[in-house]
Amino acid sequence: MDADATFMAEAMLMAEEALAAGEVPVGCVFIRGNSIIAKARNRTNQLRNATRHAELEAIDEILADSTLTPLGMSTQYPLSDTTLYVTVEPCIMCASALRQLGIKCVFYGCENDRFGGCAGVISVNKRLEHPSHPPYEAIGGYARDEAILILRRFYVTENSNAPVPKSKANRVLKTEILPR
Ligand SMILES: [Zn+2]
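These numbers come from a predicted model, not from an experiment. (Residues numbered from 1 in each chain as written. Predicted model: local features only at pLDDT ≥ 70, side-chain atom pairs only at ≥ 80, totals over all residues.)

**Student:** Any chance you could explain the pairing of strand β4 (residues 105-110) here in plain terms?
**Tutor:** Side chains on a regular strand alternate between the two faces of the sheet. Summarising burial for β4: five of the six residues are buried, a large majority. Sheet analysis places strand β3 (residues 83-88) next to β4, joined by five bridges and oriented parallel. The residue of β4 that forms the bridge with Leu84 is Val106. One ladder, built from three bridges, connects β4 with strand β5 (residues 137-139); its direction is parallel. Residue pairing in the sheet places Val106 in a bridge with Ala138 of β5. (Buried ≥ 20, exposed ≤ 12 C-beta atoms within 10 Å, placed from the backbone. Helix = DSSP H or I, 4+ residues; strand = E, 2+ residues; numbered from the N terminus. Pairing = 2+ DSSP bridges.)

**Student:** Looking at this structure, how should I read the nonpolar core?
**Tutor:** The tendency in soluble globular proteins is for nonpolar side chains to be buried as a group. Core analysis: the biggest nonpolar cluster contains 43 residues, and Ala11, Cys28, Tyr85, Val86 and Val106 have the highest contact counts within it. At the level of elements, α1 (3-20), β1 (27-32), β2 (35-41), α3 (54-64), β3, α4 (92-100), β4 and α5 (144-157) are the ones that each hand at least two residues to this core. The element best represented in this core is α1, accounting for eight residues. Leaving out residues up to four positions away in the same chain, Val86 has contacts with Ala11, Val26, Cys28, Ala54, Glu55, Val106 and Tyr108. (Core = buried A, V, L, I, M, F, W, Y, C linked by C-beta atoms within 7 Å. Contact = placed C-beta atoms within 7 Å.)

**Student:** What am I meant to see in α4 here?
**Tutor:** Each turn of an α-helix holds 3.6 residues, which means side chains three or four residues apart point in the same direction. Here α4 has its buried residues at Cys94, Ala95, Ala97, Leu98 and Arg99. In the core, the buried residues of α4 are packed alongside α3, β3 and β4. After α4 finishes, the residue Gly102 shows a positive phi value of roughly 75°.

**Student:** What is the right way to read the sheet that holds β4 from this model?
**Tutor:** By way of backbone hydrogen bonds, the strands of a sheet pair with one another, either parallel or antiparallel. Ordered in space as β2-β1-β3-β4-β5, the five strands form an open sheet in which the pairing is mixed. Of all strands in the sheet, those bounded by a partner on one side alone are β2 and β5. Each strand axis lies, on average, 20° off the axis of its neighbour in the sheet, ignoring direction. Direction of pairing for β1 relative to β3: antiparallel, over a ladder of four bridges. (Axes fitted to C-alpha atoms, helices over the stretch in contact; angles between N-to-C directions.)

**Student:** Is there a simple way to think about the packing of α3 against α4 in this case?
**Tutor:** Angle between the axes and distance between the axes are the two parameters that describe a pair of packed helices. Interaxial distance between α3 and α4 falls to 9 Å at its minimum, and their mutual angle equals 30°. Considering the angle they form, α3 stands roughly parallel to α4. In contact with Glu55, Leu56 and Ile59 of α3, α4 contributes Cys94, Ala97 and Leu98. Its residues assigned to classes, the contact of α3 with α4 comprises five nonpolar, no polar and one charged. (Parallel < 35°, antiparallel > 145°, perpendicular 65-115°, else oblique. Nonpolar A, V, L, I, M, F, W, Y, C, P; charged D, E, K, R; others polar.)

In structure tokens form, the structure reads like this:
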């Protein structure tokens, strides 16, 4: 397996962990110098906080660790030598946070048509003009089918957190994936 596939497989393992915990299955890993420095998954249900996306969970870990963000480096762009692999295109919130922290590059699995901040809805990573924060590349299509299928697995079996759970009787897991 090449490095991209290896890191995306690690991100998928985090997405699996999220699924097992009843969370929207999104996982990610942050890479520096060819090693994983942080990995995380969605915790929005557990923490009852809609901002607790996988990316922000991992970023909190990195920024809290003085060995990963030594003084001087943490000033403006602490992620400038760091790459993100995430199973789903970062949302607008995360895409913006990543830009403000100077992420080097993002590789993602499937597009996020409803909330995507790397072109899915708007291109916060690149197209959006910003007076100071440099743009970054976000490239999709890594383990895209797996990323879509795990989301479907979540949406066919879940919504036990909804006040009135919807009937699951006629929900079927669709396995056909249309090309983008
Ligand atoms: Zn997000």
